[in-house]
Amino acid sequence: MRAFERIQPASWEDAAAALAAAKKAGVSAEAKGAGTDLLDRLKERNVAPDRVVDLRRLTGNDTIEKSPSQVAIGALVTLTRVVEGLSAELPALADACEGAATPQIRNAATLAGNLCQRPRCWYFRSADFACLKKGGSECFAQKGENVFHAVFGNHTCAIVHPSAAGVALMAYGARVETLSAGSRRTIPIADFFVTPEVNLASENSLAEGELVTRVVVPRRAGLRSAYRKIKHKQTFDWPLADAAVVYRDEGGVARDVRVVIGSAAPVPWRLKRVEALVEGQRIDAALAANAGAAATHGATPLEKNAYKLPLVSAAVRRALLGAAGLPDGTEKAPQA
Amino acid sequence: MAEENKEGISEKVPGATATAVTVEIGLVGHSPSKKISVFLPPGDPVPYDKVDRPLTGKHHPRLDGPQKVTGRATYTHDVNRPGMLHGRVLRSPHAHADIVSIDTSKLDAMGVVWVKPEKKKVRYHGEAVLALAASTPQLADDALHAVTVTYGVKPHTVRLVDAMRPGAPLVFEKPVEEKRSAGDAPSAGGATPQHGNVRGPKTSGKGDVTKGFAEADSTLELTLTTAVQTHVPMETHSLFAEWEGDRLKVYASTQGTFTVKDELATVLGIPKDKVEVVAEYVGGGFGAKFGAGDYGVFAAQLAKKAGKPVRLILDRKEEHLAAGNRPDSINTIKVGYKKDGTVTAVHYTSVGTAGVATGTGTGSFAKNAYGFPNVKVEESDVFTHLGPGCAMRAPGHPQGAFTVEAALDAVADACGLDPLAVRFKNDPSEVRRAEWEAAAKAIGWSRRDAITRANKAAAAAGLPLRRGLGCAAAVWYNIVTKGSQVQVRVHRDGTVEVENGVQEIGGGIRTAVGLVTAEELGLPVEAVSVHIGNSKYPFGPASGGSTTTTSLIPAVRAAAYHAARKLAEVAAPLLGARPEDVTLEGRAFLANGKRADWAKVCARMSGESILAVGDRAPDFDGTDPRLFGAQFVDVVVDTETGVVKVEKVAAAHSCGLAVWKTGVESQIRGGVLQGVSYALFEERVIDLPTGRFMNPNIEQYKILGAQDVPEVVTIVLDLFAGKNNAHARGIGEPAVVPTAAAIANAVSHALGSRITDLPITPARVLSASPTLRSPLRAERASGAEVTA
Amino acid sequence: MADRKSPNPPDGTNGVTRRGLIKGIASAVTAVSAGATALLVETRQELEAANVSGLLSVSLTLNGTARTGGFEPRTTLAEALRDTWGLTGTKVGCDRGACGSCTVLLDGVPVNSCLTLVHDADGKKVTTIEGLGSPEAMSPLQKAFVDADALQCGFCTPGMIVSCSALLAKNPTPSREDVRSAVSGNLCRCGTYLGVFEACHAAGNPEVTRG
């Protein structure tokens, strides 16, 4: 990686000020939490900032606060702490974070970092390709090697958003709280992630120098949720498809249904059509199968990734049944 | 190949000086033993005649375990010197380009030394263009980015089927000479026609296939493909070079201390006695680490130029791009068979690409694994603008097994026979028969028909999971590196040193050498210091092709035995016995019911030490040079997602008499797990427009991890194999040969349709699976929202 | 017995004593212009006195001993451990957090030292494989690895053991499934996983009879 100046701010406000100062001075800067994604990109020289503003050693925004109405998770809370601390309250988020990385990375990587990490697209990550996202003129995945790429919303840039936590948080309807030099704001998660059509250069709506400080997840009575992923390898692997389902159980009927799929589009992808299908219904095997089938409506697979469609269906079907506490048929393999 | 081995490996010891002895051979507890007469070099020990020996053939902790588990074992990556420079290699981002110019002007100001290979073009993404060395890794990284290379990019061809077409960009303008390395399949080399990018076919075989097909009741034909697999040793290729005057000392992460020594001496043009190669601990190799490599030569050149030691470590990306791989293949097999499952003829063709290298043939398994009477093999290499393939654990064999075993299952299906019954029909090997039976029992093969019925019931119930069982055979060859020599020294104070230059790459040769030496001397293994991994010691084999144990251990035994006999001369007067009646046991010399302490005898030696040398005698005649194995697997397939999970593998193998049983079992497990990884996960992805390798990492190039590991039952059958005084044979290659084939057959069983391509990705399972159109989907059809 | 000759001096300082390095500050300063990235000192004051531009000080507790060094900001913990502090038991297999060979404990928690900047470890406790035992005094877990032959080439082994040691600290009697997930960030190409499951399970469940 290229040499950089390390900025160790004393507070979150200082950190935001340091990023603003860099911007003003025309000096490139990156904020770093654990750095598990940033170091990867620094080593590839995919990014070569003049300054790195370290957040990892800051105090504040590093706890999980639970109240009857919400769970507030500090930006610096590690994935491991989300898994260990929230598996009862927010099982879909805990499961998503558990599958998001290896144990070593979960121990370091933060929730905010998981949301803000850059895509794994091999054209984007390789310094040898000046792809559309990096200011070039072509999304090489469109006609190239796209086996792991998007099957929805992929016409401009075919990355899949890498955040598993984002899939769950979108389903929970979370809010992202941020800090910039001199200002704070709250962004509904649906507005946090942005498509390539909105902004090619970034996967989220954070302004330059704006920092995620907390993620707030609302709680409601009767909330049920589940996250399911389909992976090629069972040891850590980026999912081929994943899905989160959140709904409110009202006398056995599903209300306020949210179905979000991951590894499928440049943003966590909400399936409103599937939500409508399930809304007000009693979830059972047949409904879940229908919902799974409906999940691929409007998909635009590329040459090498149409195989993902049945995986999307399976993830949605299984997440629905999981949220409802019903078996999905994978409990037991045939025996002689 | 086996035919070549049968002729090529056995050489009689000149009768005038050799001793003829009778040796019983055969599989312990299975086949009846047979007696053969063999010739021993003068004074050599007679071959082992019992399974139960004090130290060898048993479980024992790995001798270098304590060093390895505490982080004290020093690998080439770990070598460090004050003032040492860090080497890096600048590599081509293009698949095919002329090197127009290289601007190194910034390097001098940075205090960076550099060397440039003499080449005017690059033929693959990742080919070396320049090497440099700097005082820190960070500065070296900066320096790589300070060099500007101007390329004239040229058309490339990277896909096997494209490269074969007339008019494809040529990788080489002229026919190429084939290089051989120690880990190659023995069939490599020789004269072969070349047209365009296609080099071949090379034809071989046995019997008369025309006659064989005429005798068949029916024929079937299958085409199967395999993907490029990279070795991924956890320690990447690396070399540390240090000059002392005109002497070069290197530490190398290598499978061959002597092959590196030879290569460095040759390429650098210096005498062999000026080169010392150390490889005390090596972080895996799997076939890719026989030579010094261009990076090793660069390290030596940079060290010379800088007047400082240089350590050059390839990063993981370079390891993928340029350090070797198992070539891909398209294999077509046509089988003639009788209604009872007997194969009468096999016509086997393979094409594959090793990029800018050769050696893609996969036909050896078809010729050697079974008793097919008539076999014709045609193998062609296809050049592409991709990094060089090289030997990888049992070159050609996992691919060949995948193809042939799929065909045998297809024959079983066509004849309405059990797949194992078809193996029995075509397998004359008594050793393999015992392996088939033992492993079939361990996997529960008798459940197969009931599983088929349970799968049908699951499909009818709309459930996604299916189970499958599959089996496949292993074959490999007793390949011996001639000339291995071992030195044993026993000192007046009773300490013992055994020396050979062989390298420890994970197989455990250090432990095997220690056990054999100690046993001959009647000592506990702790009493022996094992010195290996340095070319200053006597010549030893490179570790590849399952050659290490069989090449070295008989020489170890001979050396230790000679030392024991010399000591017996010293002990004899103390015991009032003739030297030939003295035995060594329990740190003592025994004869006439009397006992003389080891220490006491050693103290009486006339000099300061006794030195004995053991040579690897040529192989004995009279036994099959092949190594056999049989594996069975039990898999679960999720037909809704295409995800395959291997639940259990039963692996039965025979490698003569195990020298160190713990190590044999570990190697079998390791081979099986590499086979699982090859079957399910591993695939190099190339961007066609640019010819670039897109997944040169271990994240998107997927290898098996802890949660993909099945239960593995290892069954080691003891075989008095003949061939050498320890009945010693290797196990590294055979363990990996059948696993992927057995998994593919099991998945095919689970799906009811044949898997024809490796790796068995979810996409492939879904497209192979007619059962995907399960009631799950039928149910959807009744719903409101359906999009197909 | 295994050959124990090591190409590096045994004190873990790569042939340069700490005193020598302190004395050598002047030359290190010279070297900075050519890109020195690390400097060993006893205290932060010494580093400040050395006034080496571009190096920031790090003080941490390494295997129980207080250590201070000056490093360029872009130095990873793995590089500092291996190249500066001479603790080469920590391996670098992929340098991208995928293989786990570089696993160390940071305040008792396993992390990838290749994805951790050394400055992020400032003020923390770092435990490497060398801190868990020595060939002469192996920890029960290390001993269990040898007993189960949970290693072949040995390159991934330190990372495996560090991951397992953290599991045992948290869960003294893990099941084999617990071990599987604990080492799911450690890749092994030789295929020693079954031994690893067995070893860690046995180390945590000593009553289990070993095969």
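See above for the structure.
Residues numbered from 1 in each chain as written. Chains lettered and ligands numbered in written order. Predicted model: local features only at pLDDT ≥ 70, side-chain atom pairs only at ≥ 80, totals over all residues.

Digging into the overall build of chain A
Moving on, step 1. From N to C terminus, chain A includes 12 helices and 12 strands.
Moving on, step 2. A globule of 336 residues ought to have a C-alpha radius of gyration of about 20 Å, and chain A, at 20 Å, matches this closely.
Moving on, step 3. Dimensions of chain A along its principal axes, counting C-alpha atoms only, are 65 × 50 × 40 Å.
Moving on, step 4. Taken across its 336 residues, chain A has 60% of its residues classed as buried. (Helix = DSSP H or I, 4+ residues; strand = E, 2+ residues; numbered from the N terminus. Rg over C-alpha atoms; globule rule 2.2 N^0.38 Å. Buried ≥ 20, exposed ≤ 12 C-beta atoms within 10 Å, placed from the backbone.)

With respect to the interface of chain C and chain A
Moving on, step 1. At the junction of the two partners, chain C supplies 22 residues and chain A supplies 20 residues.
Moving on, step 2. By residue number, the principal contributor to the side of chain C that touches chain A is strand β5 (residues 109–112) of chain C, which donates four residues.
Moving on, step 3. Taken together, the residues that form the side of chain C that touches chain A break down as eight nonpolar, nine polar and five charged. (Contact = placed C-beta atoms within 7 Å. Nonpolar A, V, L, I, M, F, W, Y, C, P; charged D, E, K, R; others polar.)

Concerning the interface of chain B and chain C
Moving on, step 1. Counting residues at the interface gives 65 residues for chain B, matched by 62 residues for chain C.
Moving on, step 2. Looking at the side of chain B that touches chain C, the elements that each hand over two or more residues are α2 (65–69), α4 (137–146), β22 (528–531) and α18 (661–680) of chain B.
Moving on, step 3. Its residues assigned to classes, the side of chain B that touches chain C shows 28 nonpolar, 23 polar and 14 charged.

Describing the pairing of strand β7 (residues 183–188) of chain A
Residue and element names in this part refer to chain A.
Moving on, step 1. In terms of burial, β7 is a largely surface element, zero of the six residues being buried.
Moving on, step 2. Bridge count between strand β6 (residues 175–180) and β7: six bridges; the pairing is antiparallel. The residue of β7 that forms the bridge with Arg-175 is Pro-188.
Moving on, step 3. Hairpin connection of β6 to β7: two residues between the antiparallel strands, including Gly-182 at a positive phi of 85°. (Pairing = 2+ DSSP bridges.)

Regarding the pairing of strand β18 (residues 375–382) of chain B
Residues and elements named next belong to chain B.
Moving on, step 1. When you tally the buried positions in β18, you get seven out of eight residues, the bulk of the element.
Moving on, step 2. Across seven bridges, the pairing between strand β17 (residues 343–352) and β18 is parallel. By the bridge assignment, Thr-349 is partnered in β18 with Glu-378.

Details of the sheet that holds strand β20 (residues 485–491) of chain B
Residue and element names in this part refer to chain B.
Moving on, step 1. Here four strands make up an open sheet; going across it, the order is β22-β21-β20-β26 and the pairing mixed. If you trace the sheet from one side to the other, it starts and ends with β22 and β26 (609–615), each paired once. In this sheet, adjacent strand axes meet at a mean angle of 15° when their direction is disregarded.
Moving on, step 2. When β20 meets strand β21 (residues 496–499), the two strands line up antiparallel, connected through four bridges. Residue pairing for β21: Arg-489 is matched across the bridge by Glu-497.
Moving on, step 3. Running at roughly 140° to β22, helix α15 (residues 509–520) makes contact with β20, β21 and β22 of the sheet.
Moving on, step 4. Here helix α16 (residues 548–575) sits on the sheet and contacts β20, β21 and β26; the angle it forms with β26, its principal contact strand, is near 145°. (Axes fitted to C-alpha atoms, helices over the stretch in contact; angles between N-to-C directions.)

Section: the packing of helix α11 (residues 397–415) of chain B against helix α19 (residues 739–751) of chain B
All names here are of chain B.
Moving on, step 1. Closest axis-to-axis distance for the α11/α19 pair is 8 Å, and the angle between their directions is 35°. Between α11 and α19 lies a crossing of right-handed hand. Residue-level inspection shows Pro-398, Ala-401, Phe-402, Glu-405, Ala-406 and Asp-409 of α11 in contact with α19, the latter providing Ala-740, Ala-741, Ala-744, Asn-745 and Ser-748.
Moving on, step 2. Looking at side-chain class alone, the contact of α11 with α19 contains seven nonpolar, two polar and two charged residues. (Left-handed = near helix turned anticlockwise from the far one by under 90°.)

Quick word on the packing of helix α7 (residues 257–268) of chain B against helix α8 (residues 293–306) of chain B
Residue and element names in this part refer to chain B.
Moving on, step 1. Relative to each other, α7 and α8 sit at 60°, their axes nearing to 11 Å. Overall, the two elements α7 and α8 adopt an arrangement that is oblique. α8 is crossed by α7, and the crossing has right-handed handedness. Residues Val-260, Leu-264, Val-267 and Leu-268 of α7 form the contact with α8, whose own contacting residues are Gly-296, Val-297 and Ala-300.
Moving on, step 2. Split into classes, the residues belonging to the contact of α7 with α8 amount to six nonpolar, one polar and no charged. (Parallel < 35°, antiparallel > 145°, perpendicular 65-115°, else oblique.)

Here's the deal with α7 of chain B
Residues and elements named next belong to chain B.
Moving on, step 1. Between its first and last C-alpha, α7 extends 16 Å over 12 residues, near the 16 Å set by a 1.5 Å rise per residue.
Moving on, step 2. Within α7, burial applies to Thr-257, Phe-258, Thr-259, Val-260, Lys-261, Glu-263 and Leu-264.
Moving on, step 3. Of the surrounding elements, those touching the buried residues of α7 are β13 (247–252), β14 (275–278) and α8. (Expected span 1.5 Å × (residues − 1).)

Some remarks on α16 of chain B
Residues and elements named next belong to chain B.
Moving on, step 1. When the terminal C-alpha atoms of α16 are compared, their 38 Å separation across 28 residues agrees well with the 40 Å that a helix rising 1.5 Å per residue should span.
Moving on, step 2. Taking the largest bend as the criterion, α16 deviates by roughly 35°, centred on Glu-569, and proline Pro-573 comes between one and four positions later.
Moving on, step 3. With respect to burial, α16 is a largely interior element, 22 of its 28 residues being buried.
Moving on, step 4. One or two steps after α16, the chain reaches Gly-576, where phi turns positive at roughly 65°. (Bend = angle between axes of the 7 residues up to and from the residue.)

Quick look at the nonpolar core
Moving on, step 1. Residues Leu-93, Ala-244 and Ile-261 of chain A together with Ile-743 and Val-747 of chain B are the most contacted members of the largest nonpolar core, which totals 418 residues.
Moving on, step 2. Among the elements that make up this core, the one with the highest residue count is α16 of chain B (15 residues).
Moving on, step 3. Residue contacts for Ala-244 of chain A: discarding those within four places in its chain leaves Ala-92, Ala-96, Val-167, Ala-168, Ala-171, Ser-225, Tyr-227, Val-260 and Ala-319 of chain A.
Moving on, step 4. Among the nonpolar cores identified, the runner-up in size contains nine residues, and Ala-168, Val-171, Val-382 and Phe-383 of chain B belong to it. (Core = buried A, V, L, I, M, F, W, Y, C linked by C-beta atoms within 7 Å.)

Description of the environment of Phe-145 of chain C
Moving on, step 1. When you line up the elements, Phe-145 of chain C lands in helix α5 (residues 140–147).
Moving on, step 2. Between the alpha carbons of Phe-145 of chain C and Val-196 of chain C there is a distance of 6.7 Å; along the sequence they are 51 residues apart.
Moving on, step 3. Contacts of Phe-145 of chain C, omitting those with residues within four sequence positions, involve Val-69 of chain B together with Ala-150, Leu-151, Thr-157, Ile-161 and Ala-199 of chain C.

With respect to the sheet that holds strand β2 (residues 29–32) of chain A
Residues and elements named next belong to chain A.
Moving on, step 1. Here three strands make up an open sheet; going across it, the order is β1-β3-β2 and the pairing parallel. Looking at the sheet topology across the chains shown, the edges are occupied by β1 (5–7) and β2. Across the sheet, the mean angle from the axis of one strand to that of its neighbour is 25°, orientation sign disregarded.
Moving on, step 2. Pairing analysis gives three bridges linking β1 to strand β3 (residues 51–54), with the strands arranged parallel.

A closer look at unusual backbone geometry
All names here are of chain B.
Moving on, step 1. With an omega of 5°, the peptide bond running from Gly-200 to Pro-201 counts as cis.
Moving on, step 2. Residue placement: Pro-201 occurs in strand β10 (residues 198–206).
Moving on, step 3. With an omega dihedral of -5°, the bond running from Leu-758 to Pro-759 counts as a cis peptide bond.
Moving on, step 4. Of note, Pro-759 is situated in the loop between α19 and α20 (762–768).
Moving on, step 5. In this model, Ala-394 sits at a positive phi of 60°, which is unusual for a non-glycine residue.
Moving on, step 6. Residue position: Ala-394 is located in the loop between β18 and α11.
Moving on, step 7. Taking the number of C-beta atoms within 10 Å as the measure of exposure, Ala-394 has 33 and is therefore buried.

Regarding the environment of Lys-261 of chain B
Residues and elements named next belong to chain B.
Moving on, step 1. On the secondary structure map, Lys-261 appears in helix α7.
Moving on, step 2. By the C-beta count within 10 Å, which is 25 here, Lys-261 ends up buried.
Moving on, step 3. Sequence separation between Lys-261 and Gly-291 is 30 residues, and the spatial gap between their C-alpha atoms is 8.7 Å.
Moving on, step 4. Excluding anything up to four places from it in sequence, Lys-261 contacts Lys-272, Val-275, Val-277 and Ser-535.

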